[in-house]
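Observations on chain architecture
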There are 2 protein chains.
Amino acid sequence: MAQKNNLKYIILGLLSERSLTGYDITKAFDSDIGEFWSANHSQIYPLLIKMEANGLISHEIIVTGAKLEKKLYSLTQTGTIEFKTWLQSPTPELSASKDEFILKLYFIENSTDPLLPEMLAEQLMLHHNKLVHLQSQMTNKFENTDRKQAQFGHFLILQHAIERETAYESWLQQTINNLGD
Amino acid sequence: MAQKNNLKYIILGLLSERSLTGYDITKAFDSDIGEFWSANHSQIYPLLIKMEANGLISHEIIVTGAKLEKKLYSLTQTGTIEFKTWLQSPTPELSASKDEFILKLYFIENSTDPLLPEMLAEQLMLHHNKLVHLQSQMTNKFENTDRKQAQFGHFLILQHAIERETAYESWLQQTINNLGD
DNA sequence: TCGACCATGTAAACTGTTACATGATTGT
DNA sequence: ACAATCATGTAACAGTTTACATGGTCGA
């Protein structure tokens, strides 16, 4: 999708918490943020350079060991303002959530289609695994109420994702159960 | 997103039901399919030309009125096979469902953030409207059980979308209700 | 006749993925 | 020494959106 440069705002948001290298930002997509957004380092590094050229961020060189130079990026005041402006702006578009399985299902004409049972079973497994993963994330990150206060948005997102996957799993299961009718 | 050419399969799927012009295909995204996928005519027309060059589809010219030429596309045998192969193949990836509101929420650190109430209220309105729309779609298209049999996949998708929006709305409402705690 | 809609295309810009490419550090 | 990981970049390609561009049909 050619969206409205959401990646820029993710980077601004991450840097608003603390200074990070491009590598740190890349890794954030393997854990926390990876739950609901993805990005590769090949997209992140050029964007960091562009954002710096636009005055949103700046960097200082940190030398590790003998000569490994890291670029530690920080928000400029302009960047801070741009991030806050984005956060405060309305979000009037609902995303279309492009789901390839749903696409295939659309072309199933009949409830007796022999493909249906395995398609549904495959998705049930995938969504069940996702749900288990999300639940373990929830346990790991928000065992104690303190962190739930300190990262309230993150908590809400996880809660929402768990409810979404629970509903998805339940829909798949019911559909499988009713196939015989 | 640079996905795996799902648009190609949508076009194959639509043409497997009946022959269509590029304009017909474009309009399908304004109604039925628009519920869960989007595409513009500027993407569809070039792809139709490419798919014809690859032997998946063919067209005949239909003249309307004095001289308006329409291209009516049909599946070739190769196209039919490619569509069926896709439908039968596994769908092992779960889409990340990139949702800008969720993104913003991630950066809300505290449950007392003054932005939260309006953010949640805005989304509640959007998702409520979406739900109402989906429910009217369901009523219009599947009043009688016949069509539910004849377009089973479409029925399941609508059912799922309604359940998803119901859950989304309920999560938003509960979150709003609990903000005071 | 005029406006809404039918009908088809191209161009430019942007977003995202996969692959190519290089080198340093750290712990075993 | 060697492997895993840290660290940063570029290139090519693929998918998507927005804008530009043109002309025909049909009903009021």
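Above this text sits the structure in question.
Residues numbered from 1 in each chain as written. Chains lettered and ligands numbered in written order. Predicted model: local features only at pLDDT ≥ 70, side-chain atom pairs only at ≥ 80, totals over all residues. Heavy atoms only, no water.

**Some words on the overall build of chain A**
- Each helix and strand in chain A was counted, giving eight helices and two strands.
- Going residue by residue from the N terminus, the α and β elements of chain A occur as α-α-α-β-β-α-α-α-α-α.
- Its C-alpha atoms give chain A a radius of gyration of 21 Å, clearly above 16 Å, the size a compact globule of 181 residues would have.
- In terms of its C-alpha atoms, chain A occupies a principal-axis envelope of roughly 65 × 40 × 40 Å. (Helix = DSSP H or I, 4+ residues; strand = E, 2+ residues; numbered from the N terminus. Rg over C-alpha atoms; globule rule 2.2 N^0.38 Å.)

**Brief notes about the interface of chain A and chain B**
- Taken together, the 63 residues of chain A in the interface contact 63 residues of chain B.
- Of the roughly 6,400 Å² buried between chain A and chain B, counting both surfaces, carbon and sulfur atoms make up 64%.
- Among the residues of chain A in contact with chain B, A:K98, A:Y106 and A:F107 are the three that bury the most area, contributing 13% of the side total.
- Taken together, chain A and chain B are joined by zero salt bridges.
- Between chain A and chain B we count 25 residue pairs in polar contact (both at pLDDT 80 or more) in total.
- Within the residue set of the side of chain A that touches chain B, elements represented by two or more residues are α1 (6–17), α4 (77–88), α5 (100–106), α6 (116–141), α7 (145–150) and α8 (152–178) of chain A.
- In the side of chain A that touches chain B, the residues fall into 32 nonpolar, 20 polar and eleven charged. (Contact = heavy atoms within 4.5 Å. Buried area = accessible area lost by both parts, 1.4 Å probe. Salt bridge = Lys/Arg side-chain N within 4 Å of Asp/Glu carboxyl O. Polar contact = N/O pair within 3.5 Å; in protein donor to acceptor, adjacent residues only side chain to side chain. Nonpolar A, V, L, I, M, F, W, Y, C, P; charged D, E, K, R; others polar.)

**Points about the protein's contact with DNA strand D**
- Near DNA strand D there are 28 residues, and of these A:Y23, A:K70, B:S42, B:Q43 and B:A66 occur at the shortest range.
- Each atom of DNA strand D within 4 Å of the protein was classed as base or backbone; sugar and phosphate made up 70%.
- With respect to DNA strand D, the backbone of A:G22 contributes an N or O atom lying 3.5 Å from a phosphate oxygen.
- Contact between DNA strand D and B:L68: a phosphate oxygen at 3.3 Å from a main-chain N or O atom of the residue.
- Residues belonging to the surface near DNA strand D are distributed by class as follows: ten nonpolar, twelve polar and six charged. (Near = heavy atom within 4 Å.)

**Overview of the side chain of B:D32**
- Topologically, B:D32 is positioned in the loop between α2 (22–28) and α3 (41–53).
- Given a relative accessible area of 19%, B:D32 falls into the buried group.
- Among the polar contacts made by the side chain of B:D32, one reaches the side chain of A:Y106 at a distance of 3.1 Å.
- When near neighbours in sequence (up to four residues on either side) are disregarded, B:D32 contacts A:Y106, B:K141 and B:H154. (Buried < 20%, exposed > 50% of the residue type's maximum accessible area, 1.4 Å probe, protein only.)

**A short note on the relation of the copies chain A and chain B**
- Note on the identical chains: chain A maps onto chain B by a rotation of 180 degrees and an axial translation of 0.0 Å, with an RMSD of 0.1 Å. The relationship between the two copies is best expressed as a two-fold rotation axis.
- Same-surface contact between copies: 100% of interface residues of chain A are shared with the interface of chain B. (Least-squares fit on C-alpha atoms with pLDDT ≥ 70 in both.)

**Here we look at the side chain of A:K104**
- Here A:K104 shows up in helix α5.
- Summary of buried charges: A:K104 has no salt-bridge partner, and the nearest side chain of opposite charge, A:E100, is 4.0 Å away.
- Among the polar contacts made by the side chain of A:K104, one reaches the main-chain carbonyl oxygen of B:W86 at a distance of 3.2 Å.
- Looking at A:K104, its side chain comes within polar contact range of the side chain of B:T91, at 2.9 Å.
- When neighbours within four sequence positions are excluded, A:K104 is seen to be in contact with A:M119, B:W86, B:L87, B:S89, B:P90 and B:T91. (Lys, Arg positive; Asp, Glu negative; His and termini not counted.)

These figures come from the coordinates and say nothing about function on their own.
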